[in-house]
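What follows is each chain in one-letter form.
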Protein chains: 2
Amino acid sequence: MERIPTHGIEVFLTIVREGSMRAAAAALGVGASAVSLQLKALEDRLGIELFFRTTRSVELTEAGKILFEAAAPAHRDLTYAFKKTREMARSTTGTLRLSLSRGAYMAALAPVLKAFLAENPGIKLEISWDEELVDINRQGFHGGIRMGDALSPDMIAVRITPPIKSVFFAAPSYLQAFGAPEHPRDLLDHQCIRHRHPTSGKLREWRVTEDGQDISIDPPARLIFDSAAGVIQAAREGHGIGWSMKATMADHLKTGELATLLEPFARDLPPFYLYFPKQNKRVECLRLLVNFMKTQLKERQRSNAEIAAER
Amino acid sequence: MERIPTHGIEVFLTIVREGSMRAAAAALGVGASAVSLQLKALEDRLGIELFFRTTRSVELTEAGKILFEAAAPAHRDLTYAFKKTREMARSTTGTLRLSLSRGAYMAALAPVLKAFLAENPGIKLEISWDEELVDINRQGFHGGIRMGDALSPDMIAVRITPPIKSVFFAAPSYLQAFGAPEHPRDLLDHQCIRHRHPTSGKLREWRVTEDGQDISIDPPARLIFDSAAGVIQAAREGHGIGWSMKATMADHLKTGELATLLEPFARDLPPFYLYFPKQNKRVECLRLLVNFMKTQLKERQRSNAEIAAER
DNA sequence: TCCATTGTTTGAAATTACCAAATAATGACT
DNA sequence: AGTCATTATTTGGTAATTTCAAACAATGGA
């Protein structure tokens, strides 16, 4: 396959534009001899001379005119394509497409979303609520948010939240009818509403903490959803006890639709991570989001520490 | 000024087209590592990754898509421009623009024109009859024909005729009135019609040969033209004796409108040369013309030699 | 005729491109 | 789950190209 001496063409076009070889050399930031040799190389590969030259002037030959007329716009387009791509990479405006679960949205993104949008007016977010783990690359997402950092090695994961508070919950109507559990082992005698991971297909373990120790329990379940939203909905309808992130149901706790159970035993879940293919490391919009969330996390941790210190 | 890594872009486009780096490497005729390194260099200069890559597939990132969509047509156009220029150089079709005097046409071009046009059906000739020597380059001519090879050093001159026969001539009416000269020195007593070089501004010397020696004579002239055609026309009208190339007036000799004088003293003029700027050396159409005329010259010389041998 | 300016040549130095082989990683296959 | 063919990447060394600085040559105007 024939290689095109595009570098030579750039030199050629510069000579035409600048009107002389030395001027072209100055414009290109190289010596005059480099330009002369490049032009000669191009002419040799074309098999024809492009300029009539004297020491006082360079003038296009017929072949030179033909090349110039055809190559100048093409080269301009190529320059533009290059510039456009680079600008896109550096741009602080654009659309960022993220894939995340509803829980991730509530716990990780929602608390900072308003501030992020205000601070980065040029960035649009396109958020896909996917309970399942999707293929970030093939689906055209820039990144995603998920719990834990167990990811394929070509992904970069950045922690963006503290560990997540979990709660056991049930509707007041259910508690009236069946009573409230006092200890995790009481759960075995209750109607539990559980959650199945869509990706792995496994039931999510219920984990509690007792005397600083983590224990896994496996209460019976007559209702199983593949989304946390389903679990919460069913609990609101009084079907039983659920376990999930506090953030996803803060509203229902406030209104009294749901009540918290077994608070001393509630265990923290792993923090959320913003993850993305390492190829997207240099997408400026994504970097802005990552940095913003890292900063937010730090600030939250510092204010927490201050609160702790005041006590 | 920023340099565009066009070579890298070529590699990039080939990867997209071929679907993998190794296929691209094969298509480009280089090793796989070269492609990998080129791509990485391009990505570094752009500041962004262009492919999601695994060992089984390469897939464009968003930036890669943008670059591909903009750069592919531009690169195609550039390739086309390059090809077009080369084809133009190699083409055996096209228009050849020549500048020559009427005398050069009659003596050098007219005798072979028909055969040349027949042999090269793709070539069009655009002939400008210029008595003056014009600037071949600036006037857009590919070349010219003139007598003698005294040219600037960046011109190439190729002999295309034998030495040119010259004749003295006058109309029968003039000869009746004033008698015919028997010896060159008789010309000093005749009405001579002379020719002034438009380029140099000098009167053209009349040169005769006597006993193998060249002598220059300077007969009086009441009529001076800046073209040989003018001299001939005036002679036909009976105004006096002219001196010019035989070829330009062969017709008038045949019809008896003009008669030849002083034949034993007629000196050969220098041959005609086809000349052109050395930058046009590789213009294929011009090469065809040059080669054709050189061949014609050789054949004419050989047949002349045969005729001489037969005697 | 001189002279400032410009294109070209030249040999050395710097840069870049490339290769071959080793390495790492993936996805299909058994 | 493990094997295997295939693919991208890294690495160290080599070849090719590009560039520079300086000397040179040539042109056209003063």
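Source: prediction; values computed, not measured.

Trainee: Looking at this structure, how should I read the sheet that holds strand β3 (residues 94-100) of chain A?
Mentor: Strand-to-strand pairing in sheets goes through backbone hydrogen bonds, with the strands running parallel or antiparallel. Residue and element names in this part refer to chain A. Strand order in the open sheet formed by five strands is β4-β3-β5-β14-β6, and the pairing between neighbours is mixed. With partners counted over all chains shown, the strands left at the sheet margins are β4 (123-129) and β6 (155-159), one partner each. Averaged over all neighbouring strand pairs, the angle between strand axes comes to 25°, with direction disregarded. With three bridges joining them, β3 and strand β5 (residues 143-147) adopt parallel strand pairing. The residue bridging S99 from the neighbouring strand is G144, located in β5.

Trainee: When you look at the protein's contact with DNA strand C in this model, what are you seeing that I'm missing?
Mentor: For DNA strand C, the set of nearby residues contains 22 residues, the closest of which are R22(A), R53(A), T55(A), G31(B) and T55(B). Counting only the atoms of DNA strand C within 4 Å of the protein, the fraction contributed by sugar and phosphate is 64%. Within the side chain of R22(A), a nitrogen or oxygen atom sits 2.4 Å from a base nitrogen of DNA strand C. Here Q38(B) contributes a side-chain N or O atom positioned 3.5 Å from a phosphate oxygen of DNA strand C. Taken together, the elements giving at least two residues each to the surface near DNA strand C come down to α2 (21-28) and α3 (32-46) of chain A together with α3 (32-46) of chain B. Residue composition of the surface near DNA strand C, grouped by class: four nonpolar, 12 polar and six charged.

Trainee: Just checking my understanding: could you explain the domain arrangement of chain A for this structure?
Mentor: Looking at chain A, the domain boundaries give domain 1 (6-90), domain 2 (94-163 + 271-310) and domain 3 (166-265). Spacing between the C-alpha centres of domain 1 of chain A and domain 3 of chain A amounts to 72 Å.

Trainee: Explain the pattern of salt bridges here, please?
Mentor: Side chains that differ in sign of charge can pair as their charged atoms come close. Summed over the entire model, instances satisfying the criterion amount to 24 salt bridges over all chains. With a shortest N-O distance of 3.4 Å, R97(B) and E62(A) are connected by a salt bridge. Of this pair, R97(B) sits in strand β3 (residues 94-100) while E62(A) sits in helix α4 (residues 62-90), each in a different chain. The class of E62(A) is partly exposed, set by a relative accessible area of 31%. A salt bridge links D218(B) to R194(B); the shortest N-O distance between them is 2.5 Å. Here D218(B), found in the loop between β10 (213-217) and β11 (221-225), pairs with R194(B), found in strand β8 (residues 192-195); they are 24 residues apart in sequence, far enough to count as distant. Residue classification places D218(B) among the exposed positions, given a relative accessible area of 57%. Here the residues in one salt-bridge network are D44(A), E49(A) and R282(B), joined through shared partners.

Trainee: Just to check I follow, could you spell out the relation of the copies chain B and chain A for this structure?
Mentor: Between the two copies of this chain, the relationship is a rotation about some axis together with a displacement along it. For the pair chain B and chain A, the best superposition has an RMSD of 0.1 Å and corresponds to a rotation of 180° with a translation of 0.0 Å parallel to the axis. The two molecules are tied by a two-fold rotation axis, judged by turn and shift. Relative to the rotation axis, the closest C-alpha in chain B is found at A74(B), a distance of 2.4 Å.

Trainee: What exactly am I supposed to notice about the environment of S36(A) here?
Mentor: All names here are of chain A. In this fold, S36 is placed in helix α3. Note on S36: relative accessible area 31%, which makes it partly exposed. Along the backbone, S36 and I15 are 21 residues apart, and their C-alpha atoms lie at a distance of 9.9 Å.

Trainee: Can you walk me through the protein's contact with DNA strand D in this structure?
Mentor: In the region of DNA strand D, 23 residues are neighbours, and G31(A), T55(A), R22(B), R53(B) and T55(B) sit closest. Among the atoms of DNA strand D lying within 4 Å of the protein, the sugar-phosphate backbone contributes 66%. Contacts to DNA strand D include S36(B), whose side-chain N or O atom sits 3.0 Å from a phosphate oxygen. In the model, a phosphate oxygen of DNA strand D is placed 3.0 Å from a nitrogen or oxygen of the K40(B) side chain. Taken together, the residues of the surface near DNA strand D break down into five nonpolar, 12 polar and six charged.

Trainee: How do you make sense of the interface of chain B and chain A when you look at a structure like this?
Mentor: The figure often quoted for interface size is the accessible area lost as the parts come together. Facing 57 residues of chain B, the contacting portion of chain A comprises 57 residues. Interface area for chain B against chain A, summed over the two sides, is near 5400 Å², with a carbon-plus-sulfur share of 60%. There are six salt bridges connecting chain B and chain A. A salt bridge links E49(B) to R282(A); the nearest nitrogen and oxygen atoms lie 2.8 Å apart. Taken together, the links from chain B to chain A amount to 11 residue pairs in polar contact (both at pLDDT 80 or more). For the side of chain B that touches chain A, the secondary structure elements donating two or more residues are α1 (6-18), α2 (21-28), α3, β1 (51-53) and α4 (62-90) of chain B. The dominant element in the side of chain B that touches chain A, judged by the number of residues it contributes, is α4(B), at 19 residues. The residue makeup of the side of chain B that touches chain A, split by class, is 26 nonpolar, 12 polar and 19 charged.

Trainee: Is there a simple way to explain the packing of aromatic side chains in this structure?
Mentor: The description of an aromatic ring pair uses the distance of the two centres, along with the angle that the planes make with each other. All names here are of chain A. According to the stated counting rule, one finds 14 aromatic pairs over all chains in the structure shown. Ring plane angle 50° and centroid distance 6.2 Å describe the contact between W206 and W243, whose orientation is recorded as tilted. Remark: W243 occurs in strand β12 (residues 241-245) and W206 occurs in strand β9 (residues 206-210); sequence separation between them is 37 residues. The same class applies to W206 as to W243, namely buried. Put simply, the rings of F168, W206 and W243 pair up and form one aromatic cluster.

Criteria and cut-off values
- Along each chain, numbering runs from 1 in the same order as the chain's sequence is written.
- The lettering of chains begins at A and the numbering of ligands begins at 1, in the order of writing.
- pLDDT decides what is reported in this predicted model: residues at 70 or higher carry local features, side-chain atom pairs at 80 or more are listed and counted, and totals for whole chains, interfaces and linings draw on all residues regardless.
- As a convention, hydrogens and water are excluded, and side-chain values are obtained from all of the structure's heavy atoms.
- Here a strand pair is declared whenever DSSP counts at least two bridges between the two strands.
- In this text, helices come from DSSP runs of H or I with a minimum length of four residues, and strands from runs of E with a minimum of two, each type numbered from the N-terminal end.
- Helix axes use the C-alpha atoms of the stretch in contact, all axes being lines fitted to C-alpha atoms, and the angles between their N-to-C directions lie in the range 0 to 180 degrees.
- Nearness is judged by heavy atoms alone; a residue qualifies as near a molecule or strand once a single heavy atom is within 4 Å of it.
- Whenever two N or O atoms come within 3.5 Å, that pair is a polar contact, provided that in protein one can donate a hydrogen and the other can accept it, and provided that, for residues adjacent in sequence, both atoms are side-chain atoms.
- Throughout this entry, Asp, Glu, Lys and Arg are counted as charged residues, while Ala, Val, Leu, Ile, Met, Phe, Trp, Tyr, Cys and Pro are counted as nonpolar. The remaining residues, Gly among them, count as polar.
- The source of the domain bounds is an automatic or database domain assignment.
- Each reported salt bridge corresponds to a side-chain nitrogen of Lys or Arg within 4 Å of a carboxyl oxygen of Asp or Glu.
- Each residue is placed in one exposure class: buried if its accessible area under a 1.4 Å probe, protein chains only, is under 20% of its type's maximum, exposed if it is over 50%, and partly exposed if it falls in between.
- Only residues with pLDDT of at least 70 in both copies count here: their C-alpha atoms drive the least-squares fit that superposes the copies.
- Residue contacts are counted whenever heavy atoms from the two residues lie within 4.5 Å of one another.
- Buried area: the accessible surface (1.4 Å probe) lost by two parts on joining, summed over both.
- Ring pairs are drawn from Phe, Tyr and Trp, using the six-membered ring of Trp, whenever the two centres fall within 6.5 Å, and their geometry is named by plane angle: stacked under 30 degrees, edge-to-face over 60, tilted for the rest.

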